[in-house]
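# Structural overview
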Amino acid sequence: MKRVELLAPAGNLETLKFALNYGADAVYIGGKLFGARAYAANFEEDELKEAVEYAHLRDRKVYVTVNTIVFNKEVDLLLKYIDYLYQLNVDAIIVQDFGVVKLLKNFYPELDIHASTQMTLSNLESIKAAKEIGIKRVVMPRELSLKEIEKIKSVTGIEVEVFVHGALCVSYSGQCLFSSIIGGRSGNRGRCAGPCRLKYDLLDDKMNTIASNMHLLSMADLCTIDHIKDMIESGIDSFKIEGRMKEKEYVASVVASYRKAIDAYLSGENINTGVYKEMMSGIFTRGFSNGYLYEKKPDYMSYVNPKNKGVPLGKVISIDGKKIKVSLSNSLSVGDGISTETGEHGYKVDVLIVDGKKVDEAHKGQVVELKKIPVNYGDVLYKTYDVKLNRLFSVSNELKSPVDVFVNMKENRHLNIMIKNNDICVSKDSKIVSTKALKKAVDKDTLIEKVASINDTPFFVRSIEVDMDEGLFMPLSEVKETRREAVEDLITKKLKYRSPKNIDINLNKLINDKISDLKLSFYTEKEEHVKIACALGADRVYFNYRLNGDVLKNIICYMDKCEIIPAFPQIMRDELDDFQREIKNIKEMGFKKVLVTNLGLYDAAVKLGLDVCVDFNLNVSNSLAVDFFDKADTITLSPELNIHQIEDISLRSNAKFEAIAYGRLPLLTMEYCPIKNLKGCDKKGCEEGKYFLKDRKGNLMKIVSDGFCKIKLLNSSVLYMVDKMNDLKKTGLSYIRINDTVESDEEVRDVIKAYKDSLEFGTYDLHVENYTRGHFYRGVL
């Protein structure tokens, strides 16, 4: 059975070394630019070089994240950065933006591309298409089940990377606008502020409270160490640990645990994984779950505490003045951290009293006296920092690569030292020849000692063979110098630096005379709203028919009134088993275009000759991505672009572009369902938008299902641009879109009429109290 890769995160150089020293086969890291963890320490250019050297000299791999969306003004900087990574000979680039894929395939075909989970390749057809365009590996969405992953691997043969441990995002990666819309810090730009970890209330449409003051979107941490066998046998190529924001002790403990579990399975050894789970929990946990491996809707969440909850410490049995007594279910040491279950109160233990005496450590079963914190009798306290465990993982033994050494020392010939390391072999001759010793000869033991003295290098001598004549002399300084030069040659061969390409990309010049007759498009999932939009003169209607062909047939009769384009759900997994057949059926009904939401649909539609409209969730944010989707009829640009960025893209291409100018944007799209967990499944009510999350400011965000139990959380404020039509007309857009989500028939009529009037006459009659301009005038960080 092949060896599965254990892939570890590293937010800085020290953590990278710890990850490799504790058993990781590869690490993924980010530079200061274009990484999805902008708030990690990350690596300066010289640190990137040192990181790659440390890994490569020890036979390990380094993957570098370039997994954010990129703006046009950043393309030159992006190119210089990628060229530097190319020179370093990094093992792969992890990518989200399709424009970056285009750049890499055109100019850096030597670099392997790994599709980030941010690319949302959530179905078989999308991954087939990714392989066709040259992507070597796909990081699976965390939401996919083990069965889905196994099928994808067996059908495509593409390298499959799967998260096995760490924090879980509640939203499909690449489909979250929550932090972006709420505070301007885009998750697609690596600057997520984590609003999903805040407290919310769950309400119904009568404003009855179902759950209150809880972290209702906070996922428990993923831990799959109990399922190593299933995962290896499913064909997964790489086990990925999450945590570029975590400390070295966390990374070391998790790597060590999974290294042991993987090796144990491969060697047929049985181990108690509970021991390792307890150890990892002692460093950091929000509680452990299997994620989505075996269930589509996880029910175990971290509703009470979104931070490190630690491990249960003991129960409060006495509260007296400024002191409490706790009956321990776990050990406790001076220097440990403790907290309440919610994590809102806690401290570092500096005094520990047992039976009236100060102690450094107390054990399970003992009663300890502690400084008081806000607790009640019977409450359970938690140990959130284990000083001994952290001390254990704060040191590591340096990883080294084995070499086999062959030494040849013959009279009147140059000393030869040959070093073999894996498939690399170097040979070095001394500058002078060996001669007959007049006094003291070099003996075999001394020669071995001097040649094998490489402790200050990335290597260790696994074996050494010496073929020498007796009674020879050579200065030991020359022996050491020959060894040093041989090691240097080996290092040079292993690093394989490349020369810069110095490529210069010029984006298409602005088309100053581009004629753009701005038109109105309308998106809906409701058949009745298609009729309303056609009757009121919408130029184009996207109809998400929820893969129901009978419903789609019902609106064919309206095609003579306006352009009707079938649309697909934002997230697709196993809802549709044959994309090409579905697209073919649409074509046979007489439709000329489709609105696609994933790479697989785009590929299928292009191959079948339909005109393709690319939806906003594909995150097109630069002209390189426009070139990637060069077969598209229309591209709906990312809602994270400001008005100047939209103009800069649209005026560099003759393609048609669209922007959403009205509607409640989806803050996130998720498999997790708070309604199912906290009330019980209500499919009808969920699809009708009868439930809300209320934030700490009182904003009500509707929860709606897409018809396939994918849950969307909608912005409480409506994107409203009806009074900014002149600004929109200057951008070069071909369409502005009204995005219908939970609007009533009357609301739809009012909005379409107002936008039509504003477009044609500059006047409108539409009043919206709670509105937003989105990112049109601010953009994102």
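Described below are features of the structure shown in this document.

Conventions and cut-offs
- Residues numbered from 1 in each chain as written.
- Predicted model: local features only at pLDDT ≥ 70, side-chain atom pairs only at ≥ 80, totals over all residues.
- Heavy atoms only, no water.
- Pairing = 2+ DSSP bridges.
- Helix = DSSP H or I, 4+ residues; strand = E, 2+ residues; numbered from the N terminus.
- Axes fitted to C-alpha atoms, helices over the stretch in contact; angles between N-to-C directions.
- Contact = heavy atoms within 4.5 Å.
- Buried < 20%, exposed > 50% of the residue type's maximum accessible area, 1.4 Å probe, protein only.
- Patch = residues over 30% accessible without salt bridge, like charges linked within 9 Å, V, L, I, M, F, W, Y side chains within 5 Å.
- Areas by Shrake-Rupley, 256 points an atom, 1.4 Å probe, with all protein chains shown as cover.
- Salt bridge = Lys/Arg side-chain N within 4 Å of Asp/Glu carboxyl O.

### Quick notes on the sheet that holds strand β23 (residues 401-409)
Taken in spatial order, the four strands make up an open sheet running β25-β24-β23-β27, and their pairing is mixed. A single partner strand is all that each edge strand has here, and the edge strands are β25 (424-433) and β27 (459-468). Each strand of the sheet is rotated relative to its neighbour by a mean of 20 degrees, with strand direction disregarded. In terms of strand pairing, β23 meets β27 through nine bridges, oriented parallel. For Met 409, the partnering residue across the bridge sits in β27 and is Met 468. Contacts from helix α12 (residues 444-451) reach β23, β24 (414-421) and β27 within the one sheet, and its direction differs from that of β27 by about 145 degrees. Along the sheet, helix α13 (residues 476-495) makes contact with β23, β24, β25 and β27, crossing β25 at roughly 150 degrees.

### Quick notes on the environment of Glu 760
Secondary-structure assignment places Glu 760 in helix α23 (residues 745-761). Residue class for Glu 760 comes out partly exposed when judged on its relative accessible area of 49%. Sequence separation between Glu 760 and Lys 519 is 241 residues; the distance between their C-alpha atoms is 9.4 Å.

### Section: the sheet that holds strand β37 (residues 691-694)
Reading across the sheet, the six strands line up as β9-β8-β37-β38-β39-β36 and stay open at both edges, with antiparallel pairing between neighbours. Edge positions in the sheet fall to β9 (209-214) and β36 (666-670), since each has one partner strand and no second. On average, each strand axis in the sheet is tilted by 20 degrees relative to the strand beside it, whichever way the strands run. One ladder, built from three bridges, connects strand β38 (residues 700-705) with strand β39 (residues 711-714); its direction is antiparallel.

### Description of a nonpolar patch on the surface
Residues Ile 317, Ile 319, Val 367 and Tyr 377 make up a contiguous nonpolar surface patch of roughly 360 Å² in combined accessible area. With respect to the helices and strands, the residue Tyr 377 is situated in the loop between β21 (367-371) and β22 (380-385).

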